[in-house]
Amino acid sequence: LITTIIYREIEEGGFSIARFYERRIRRIFPALFSVIIFSLIFGLIFYAPVEFEKIGRSVRYTVIFFSNYLFAKDTGYFDANAEFEPLLHTWSLAVEEQYYIVFPIILLLMAKYKKQKLFLSLGILFVVSFLVGVISLENNPHRAFFVTEGRVWELLIGSFLALNVFPNPRSVLIKNALSILGLSFIFWSVFFFNKNTLFPGYSALLPTIGAALVIYTGIEESNKQYVTRFLGSKLMVFFGLISYSLYLWHWPLMVFAEHLIIRPMHFYETILLLSTIMGVSYLSWKYIEQPCRKKNYFNNRKKLFKL
């Protein structure tokens with residue numbers, strides 16, 4: 001999505017770094033800051049001073065989109081102390097934003113000076129990043145999970161789709177087969193990967209290629225494509241709309257619930273927690289994300305950057 005927007009604007013001669021970052025700020029910051037403020041208030045009330053200090057440190061790194069390197073240093077994703085880190089999940093947001101700080105500039109320079117070698121250059125970057133991820137996993141699995149340099153190739157797969165590197169298949173049969181295969185890859189990763197799975201490395205190929213196949217086969221929407229119809233249903237679109245808020249809120253609410261209850265949650269408590277996460281995520285999308293993205297607040301770019 002982001003690559004499509006950037007590249008189209010570059011092609012039309014209307015790309016603006018300032019406008020791009022303004023969109024990212026409106027998209028990312030309001031809901032993120034809401035989660036951070038909530039986490040600080042909850043931590044102040046219910047956490048011991050030492051634990052609360054860790055939240056403060058997480059916040060410092062989160063707001064500059066560098067939390068992945070903080071967690072790479074001292075927190076394993078499946079470690080016991082991860083249960084007390086309400087902002088642990090922001091590692092992936094950090095990876096994404098680090099990528100989008102550098103990637104627009106790379107695309108801009110390549111399109112201006114070496115447009116004909118754009119795909120080749122990105123291909124080399126893809127291979128290097130993948131190899132870095134594989135080698136890092138062998139030497140330091142804990143760090144390899146969090147750091148950006150071994151994750152860039154995952155994002156580049158989406159960029160290749162946006163740049164139409166692969167010809168779109170015309171056969172509906174092939175599209176259905178590839179999309180079902182892609183969805184199967186994702187489901188396999190969800191249900192059979194665990195804390196003992198070496199990840200990212202070669203294992204990351206399964207969910208990323210799965211996602212790429214689903215997107216690739218759904219570029220030209222058709223009622224004859226089963227997966228596209230399923231993902232285009234109102235319920236799935238709803239989850240898509242609130243997905244960013246859902247991503248932001250799910251982890252701290254889970255962490256805080258477990259912190260308060262201490263013991264393993266009962267079934268009805270889990271259902272209540274999931275319902276709360278859904279409700280809060282919807283309200284966050286409707287009353288925080290939407291107004292800020294539609295420029296209902298801070299519609300002046302200079303004031304927004306200052307803020």
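Check the entry above for the structure.
Below is a short write-up of the structure. A quick note: this is a predicted structure, and the numbers were derived from the prediction, not measured.

About the cut-offs
- Residues numbered from 1 in each chain as written.
- Predicted model: local features only at pLDDT ≥ 70, side-chain atom pairs only at ≥ 80, totals over all residues.
- Heavy atoms only, no water.
- Axes fitted to C-alpha atoms, helices over the stretch in contact; angles between N-to-C directions.
- Helix = DSSP H or I, 4+ residues; strand = E, 2+ residues; numbered from the N terminus.
- Parallel < 35°, antiparallel > 145°, perpendicular 65-115°, else oblique.
- Left-handed = near helix turned anticlockwise from the far one by under 90°.
- Contact = heavy atoms within 4.5 Å.
- Nonpolar A, V, L, I, M, F, W, Y, C, P; charged D, E, K, R; others polar.
- Phe/Tyr/Trp six-rings, centres within 6.5 Å; stacked < 30°, edge-to-face > 60°.
- Buried < 20%, exposed > 50% of the residue type's maximum accessible area, 1.4 Å probe, protein only.
- Lys NZ or Arg CZ within 6 Å of the ring centre and 35° of its normal.

1. Regarding the packing of helix H8 (residues 152-162) against helix H10 (residues 205-217)
1) Next: Between H8 and H10, the shortest axis-to-axis distance is 10 Å and the interhelical angle comes to 15°. The orientation of H8 with respect to H10, classified from their angle, is roughly parallel. The two elements H8 and H10 cross, and the hand of that crossing is right-handed. Mapping the contact onto sequence places Trp 153, Glu 154, Ile 157 and Leu 161 in H8 and Leu 205, Thr 208, Ala 212, Ile 215 and Tyr 216 in H10.
2) Next: Of the residues assigned to the contact of H8 with H10, the class counts are 7 nonpolar, 1 polar and 1 charged.

2. Here's the deal with unusual backbone geometry
1) Next: Cis geometry is found at the peptide bond from Phe 199 to Pro 200, where omega equals 10°.
2) Next: Of note in this structure, Phe 65 is not a glycine but carries a positive phi near 55°.
3) Next: Considering the arrangement of structural elements, one finds Phe 65 in the loop between helix H3 (49-62) and helix H4 (67-74).
4) Next: For Asn 164, which is not glycine, the phi dihedral falls at a positive 55°.
5) Next: Structurally, Asn 164 can be placed in the loop between H8 and helix H9 (172-192).

3. Details of the packing of aromatic side chains
What characterises a pair of aromatic rings is the spacing of the ring centres plus the angle enclosed by the ring planes.
1) Next: Inspection of the entire model under this criterion finds 31 aromatic pairs.
2) Next: On the numbers, 6.4 Å between centres and 45° between planes, the contact of Phe 71 with Phe 146 is tilted. Remark: Phe 146 occurs in helix H7 (residues 141-146) and Phe 71 occurs in helix H4; sequence separation between them is 75 residues. The pair Phe 71 / Phe 146 is uniform in exposure class, with both members buried.
3) Next: One aromatic cluster in this structure is built from Phe 38, Phe 42, Phe 46, Tyr 47, Trp 249 and Phe 256.
4) Next: Here the guanidinium or amino end of Arg 151 rests over the ring plane of Phe 145, the centre of that ring lying 5.0 Å away.

4. Some remarks on the packing of helix H2 (residues 17-46) against helix H13 (residues 243-261)
The description of two helices packed together rests on the angle between their axes and the distance between the axes.
1) Next: It is the contact of H2 with H13, at a shortest axis distance of 10 Å, that shows an interaxial angle of 5°. Taken together, the axes of H2 and H13 lie roughly parallel to each other. Seen from H2, the contacting residues are Arg 27, Ile 28, Ala 31, Leu 32, Ser 34, Val 35, Phe 38, Ser 39, Phe 42 and Phe 46; seen from H13, they are Tyr 244, Ser 245, Leu 248, Trp 249, Pro 252, Leu 253, Phe 256, His 259 and Leu 260.

Taken by themselves, the reported measurements are silent on function.
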